[in-house]
Amino acid sequence: MVCINENKELSYIVGRKNHPEDTVVTIGKKSEDVAEAKIGGGNFLVIAGPCSVESEAQMATIADGVKESGALVLRGGAYKPRTSPYSFQGLREEGIKILNKTRNKYHIPVVTEVMDISHLDQFDGVDMIQVGARNMQNFELLKELGKQKKPVLLKRGMSATLNELLLSAEYIMTGGNTNIILCERGIRTFETVLRNTLDLSAVPYLKGITHLPVIVDPSHATGNYEMVLPMSLAAVAAGADGLMIEVHPDPERAWSDGPQSIHLERFADLMKRVNAIRPFAYCR
Ligand code: PEP
Ligand code: MN
């Protein structure tokens, strides 16, 4: 692919210029308790799970269901960045414990979001650490995540440019951690009918300019469960290395992001259609 902007980011550590081959990130590495999941360099990966960890029973139902459909990594928020201080803030440390218990029982690697450096020691048992859109430019947090080797799922800020996203990844990389997955999760535009505007051209652009894997989160990008399937298929067609999908057994009663969460049955159908379209996906 011809890089559209011949800009100086190409010579950064995240750039393809000095690292032409795709980076492959392994999640759940060197752990007897979970299966290994790979992404990048032709490895496609779907991360699925609820917006928030709510209970052991909820996580068990979801882990069982999404694993059966082919998801290789389980998500679940314990520390939740909510717009309103009156909204559910997450089960916090208890949520991470439930997530880890589910991980060990279902042998599936897990990812959850960190919101503060001071909480990092609670993340020892998880396989990948998420930096959410609101923390994409929390540079001290990024530096700290660069000092450790656990994979980092770095989500694009809702008003961040692609260069800013790449520079945030560079912060982590300069510390020595190259295990980074970039995530397009929609940006703020003048359009208001959906939660965000999914910037799909970010996928081929990022894939051209960086060697890091790129995934799409159609759930936060649209805020609407009916949009999750079409945008997932579009993301795969555009060449994404994976997807992150919010799934809940009872979306109407979800403690957060119910309107964008899909039922397990809908997720099973999504996985079938994603797999069917994969052979036709754009690749560089
Ligand atoms: C999430 O994935 O749980 C989340 C809060 O997403 P974002 O940071 O993209 O808003
Ligand atoms: Mn959510």
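Residues numbered from 1 in each chain as written. Chains lettered and ligands numbered in written order. Predicted model: local features only at pLDDT ≥ 70, side-chain atom pairs only at ≥ 80, totals over all residues. Heavy atoms only, no water.

**A short note on the nonpolar core**
Logical step 1: Formed by 67 residues in total, the largest nonpolar core has its most connected members in L154, L182 and F267.
Logical step 2: When residues of this core are assigned to their parent elements, the largest contribution, six residues, is made by helix 4 (residues 162–174).
Logical step 3: Those residues in contact with L154, other than ones at most four positions away along the chain, are V131, M136, L142, L165, S168, A169, I172, I180, I181, L182 and C183.
Logical step 4: The next biggest cluster of nonpolar side chains, apart from the first, holds 14 residues, and it includes A37, I39, V73 and L153. (Core = buried A, V, L, I, M, F, W, Y, C linked by side-chain atoms within 4.5 Å. Buried < 20%, exposed > 50% of the residue type's maximum accessible area, 1.4 Å probe, protein only. Helix = DSSP H or I, 4+ residues; strand = E, 2+ residues; numbered from the N terminus. Contact = heavy atoms within 4.5 Å.)

**Structural notes on the packing of helix 7 (residues 225–237) against helix 8 (residues 264–277)**
Axis angle and axis distance: for two packed helices, these are the angle between their axes and the distance between the axes, and together they describe the pair.
Logical step 1: It is the contact of helix 7 with helix 8, at a shortest axis distance of 9 Å, that shows an interaxial angle of 20°. Put simply, helix 7 runs roughly parallel to helix 8. In the crossing of helix 7 with helix 8, the sense of the turn from one axis to the other is right-handed. Contacts from Y225, V228, L229, S232, L233 and V236 of helix 7 reach helix 8 at R266, D269, L270, R273, V274 and I277.
Logical step 2: Counted by class, the contact of helix 7 with helix 8 contains eight nonpolar, one polar and three charged residues. (Axes fitted to C-alpha atoms, helices over the stretch in contact; angles between N-to-C directions. Parallel < 35°, antiparallel > 145°, perpendicular 65-115°, else oblique. Left-handed = near helix turned anticlockwise from the far one by under 90°. Nonpolar A, V, L, I, M, F, W, Y, C, P; charged D, E, K, R; others polar.)

**Quick look at the site of ligand 1**
Logical step 1: Neighbouring ligand 1 are the residues R75, K80, P81, E113, Q130, G132, A133, R134, K155, R185, H220 and M244.
Logical step 2: R134 has a polar side-chain atom sitting 2.9 Å from an oxygen atom of ligand 1.
Logical step 3: Relative to its free-state accessible area of 290 Å², ligand 1 is covered by the protein chains to the extent of 97%.
Logical step 4: The site holding ligand 1 turns out to be the largest pocket. (Near = heavy atom within 4 Å. Polar contact = N/O pair within 3.5 Å; in protein donor to acceptor, adjacent residues only side chain to side chain. Areas by Shrake-Rupley, 256 points an atom, 1.4 Å probe, with all protein chains shown as cover. 1 Å grid on protein atoms, 1.4 Å probe; cavity = no way out; pocket = protein on both sides within 12 Å on 5 of 7 lines; lining within 4 Å. Sits in = over half its atoms within 2 Å of the grid points.)

**Looking at the layout of surface pockets**
Logical step 1: Estimates place the volume of the largest pocket at around 350 Å³.
Logical step 2: Around the largest pocket, the lining is made up of 22 residues, and of these P81, R134, R195, H220 and D257 lie nearest the centre.
Logical step 3: Roughly 300 Å³ of volume is contained in the second largest pocket.
Logical step 4: What lines the second largest pocket is a set of 18 residues, and nearest its centre among them are G42, G239, D241, Y282 and C283.
Logical step 5: Of the residues contributing to the lining of the second largest pocket, the split by class is eight nonpolar, four polar and six charged. (Points joined across faces, edges and corners; volume = space filled by probe spheres on them.)

**Some thoughts on the coordination of the manganese ion (ligand 2)**
Logical step 1: Ligation of the manganese ion (ligand 2) by protein atoms is provided by C51 (SG), H220 (NE2), E246 (OE) and D257 (OD), these donors lying 2.0 to 2.4 Å from the ion.
Logical step 2: Along the chain, the residues donating to the manganese ion (ligand 2) fall in the pattern C-x168-H-x25-E-x10-D. Pair noted here: C51 is in the loop between strand 3 (45–49) and helix 1 (56–69) and E246 is in strand 10 (residues 242–246), with a separation of 195 residues, a long-range link.
Logical step 3: The exposure class of E246 is buried, given its relative accessible area of 1%. (Donors = N, O, S within 2.8 Å, 3.2 Å for Na, K, Ca; no water.)

**Let's talk about helix 8**
Logical step 1: The first and last C-alpha atoms of helix 8 sit 20 Å apart over 14 residues, in line with the 20 Å expected at 1.5 Å per residue.
Logical step 2: Listed as buried for helix 8 are L264, F267, L270, M271 and V274. When helix 8 is viewed along its axis, its buried side chains cluster within an angular range of 105° and face the same direction. In helix 8, the exposed positions that point more than 90 degrees away from the buried face belong to E265 and K272.
Logical step 3: Buried residues belonging to helix 8 abut strand 3, helix 1, helix 7 and strand 10. (Expected span 1.5 Å × (residues − 1). Arc of directions from axis to C-beta.)

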